[in-house]
Amino acid sequence: MTSSAGKSPTWNCTASSTLGEVMPDTDLRAAFVEGMSRAATFVAVATTDGEGGRAGVTVSSLTSVSADGEHPSLLVCINRQSAAAAAILQNRAFCANLLAENQQELADLFAGRSTTDRAERFDRVPWVPGDLGQPLLRGATATFECRLATALLWETHHIIVGRVSAVRLSDDASALLYGQRAYRKAIHLTGDD
Ligand SMILES: Cc1cc2nc3c(=O)[nH]c(=O)nc-3n(C[C@H](O)[C@H](O)[C@H](O)COP(=O)(O)O)c2cc1C
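As the structure is a prediction and not an experimental result, all values here were calculated from the model.

Section: the sheet that holds strand S7 (residues 73-79)
Logical step 1: Taken in spatial order, the 7 strands of this open sheet run S5-S4-S8-S11-S12-S7-S6, and their pairing is antiparallel. What marks the edges here is a single partner per strand, and that holds for strand S5 (55-59) and strand S6 (63-66). The average undirected angle you get between the axes of adjacent strands in this sheet is 35°.
Logical step 2: Pairing between S7 and strand S12 (residues 157-169): 7 bridges, direction antiparallel. Bridge pairing links asparagine 79 to histidine 157 in S12.
Logical step 3: Its contacts with the sheet place helix H2 (residues 83-91) against strand S4 (44-48), S5, S7, strand S8 (93-98), strand S11 (142-154) and S12, and it is angled at close to 50° to S4.

This is the structure we're talking about:
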């Protein structure tokens, strides 16, 4: 590993081959984290409300599973220690709010970066309850309201699969991205429309 000035460690992956060097086992976790940081993803806030409480957490693990099942479905992976995971499992419903490019502050809020008071999060953002009573965050580029379909505890994280019952799209289609430990936005490549 080589450390450049700045917070992010960098790996020299070009020295011996185009595939880079295989990391020793002791460095596997660090290499995994660095490798995955290069997989820029969109940013969402998974929200939930009900008897298990109102909660929300910023996630980059939102993934489409299928558009063609009985209902469309998606998944999110949430740390077992997050209050939002427990609340989703109890409420058996949640909303995946895909954030717009200008919602970086909101991402920080639900990642606990600007307040540690979980209850305060929903006081600081405009939201409305959806058809299933799940919090829809205003300004999100898309919201996917879901019923809990199934969940699997895999070591540190709950893999939570939702059946989508409603999708709402805003006029602004630009989603916020996160990669290499920074918020980013997508740009068109030359010749790409
Ligand atoms: C861009 C971004 C993406 C994140 N993605 C995830 C994720 O997919 N799953 C997860 O459990 N935590 C993720 N986190 C961390 C949680 O948002 C953070 O740990 C959160 O505060 C934990 O929830 P809690 O405060 O309710 O315990 C992410 C944080 C950021 C800033």
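Describing the pairing of S4
Logical step 1: Counting buried residues along S4, 5 of its 5 residues qualify, which places the element largely inside the surrounding structure.
Logical step 2: Residues Ala44, Ala46 and Thr48 of S4 are buried on one face, and the alternating residues Val45 and Thr47, pointing to the opposite face, are buried as well.
Logical step 3: Here S4 runs beside S5; their pairing, made up of 5 bridges, is antiparallel. Of the residues in S5, the one forming a bridge with threonine 48 is alanine 55.
Logical step 4: Taking the residues between adjacent antiparallel strands as the criterion, S4 and S5 are bridged by 6 residues, where glycine 50 takes a positive phi near 150°.
Logical step 5: As paired strands, S4 and S8 are joined by 4 bridges and run antiparallel to one another.

Structural notes on the site of the ligand
Logical step 1: Taken together, 17 residues are adjacent to the ligand, and Val59, Ser61, Asn79, Ala111 and Gly112 come closest.
Logical step 2: Elements that contribute at least two residues to the shell around the ligand include exactly S5, S7 and H2.
Logical step 3: When grouped by side-chain class, the residues that make up the shell around the ligand number 10 nonpolar, 6 polar and 1 charged.

Remarks on the environment of leucine 106
Logical step 1: If you trace the backbone, leucine 106 turns up in helix H3 (residues 104-110).
Logical step 2: Its 25 C-beta neighbours within 10 Å are what place leucine 106 among the buried residues.
Logical step 3: Counting along the chain gives 48 residues from leucine 106 to threonine 58, while the straight-line C-alpha distance between them is 8.6 Å.
Logical step 4: The contact partners of leucine 106, leaving out residues within four places of it in the chain, are Val45, Leu99, Val125 and Leu137.

Focus on the pairing of S8
Logical step 1: For S8, a buried count of 6 out of 6 residues is recorded, marking the element as mostly surrounded by other parts of the structure.
Logical step 2: Both faces of S8 are covered, namely the face carrying Ala93, Cys95 and Asn97 and the face carrying Phe94, Ala96 and Leu98.
Logical step 3: Looking at chain direction, S8 and S11 are connected through 6 bridges and run antiparallel. Counterpart to alanine 93 in the pairing with S11 is arginine 147.

Re the sheet that holds strand S13 (residues 177-179)
Logical step 1: If you walk across this open sheet you meet the 3 strands as S3-S13-S14, and the pairing is antiparallel. Of all strands in the sheet, those bounded by a partner on one side alone are strand S3 (41-42) and strand S14 (182-184).
Logical step 2: In the sheet, S13 pairs with S14 via 3 bridges, with the strands oriented antiparallel. Note that in S14 the partner of tyrosine 178 across the bridge is tyrosine 183.

Examining the confidence of the model for the protein
Residues shown with low pLDDT carry predicted positions that ought not to be read at fine detail.
Logical step 1: The share of residues in the protein with pLDDT of 70 or more is 88%, and the mean pLDDT across the chain is 89.
Logical step 2: Residue range residues 1-16 is modelled with pLDDT below 50. Its contacts to residues more than four positions away, or to other chains, number 18 contacts.

Digging into the nonpolar core
Logical step 1: Counting 36 residues, the largest nonpolar core has Ala44, Ala46, Ala96 and Leu99 as its most contacted members.
Logical step 2: Taken together, the elements giving at least two residues each to this core come down to S4, S5, S7, H2, S8, H3, S11 and S12.
Logical step 3: In this structure alanine 96 touches Ala44, Ala46, Leu62, Leu74, Val76, Phe144 and Cys146, once residues within four positions along its chain are discounted.

Rules used in this analysis
Residues numbered from 1 in each chain as written. Predicted model: local features only at pLDDT ≥ 70, side-chain atom pairs only at ≥ 80, totals over all residues. Pairing = 2+ DSSP bridges. Helix = DSSP H or I, 4+ residues; strand = E, 2+ residues; numbered from the N terminus. Axes fitted to C-alpha atoms, helices over the stretch in contact; angles between N-to-C directions. Contact = placed C-beta atoms within 7 Å. Buried ≥ 20, exposed ≤ 12 C-beta atoms within 10 Å, placed from the backbone. Near = placed C-beta within 6 Å. Nonpolar A, V, L, I, M, F, W, Y, C, P; charged D, E, K, R; others polar. pLDDT = per-residue confidence, 0-100. Core = buried A, V, L, I, M, F, W, Y, C linked by C-beta atoms within 7 Å.

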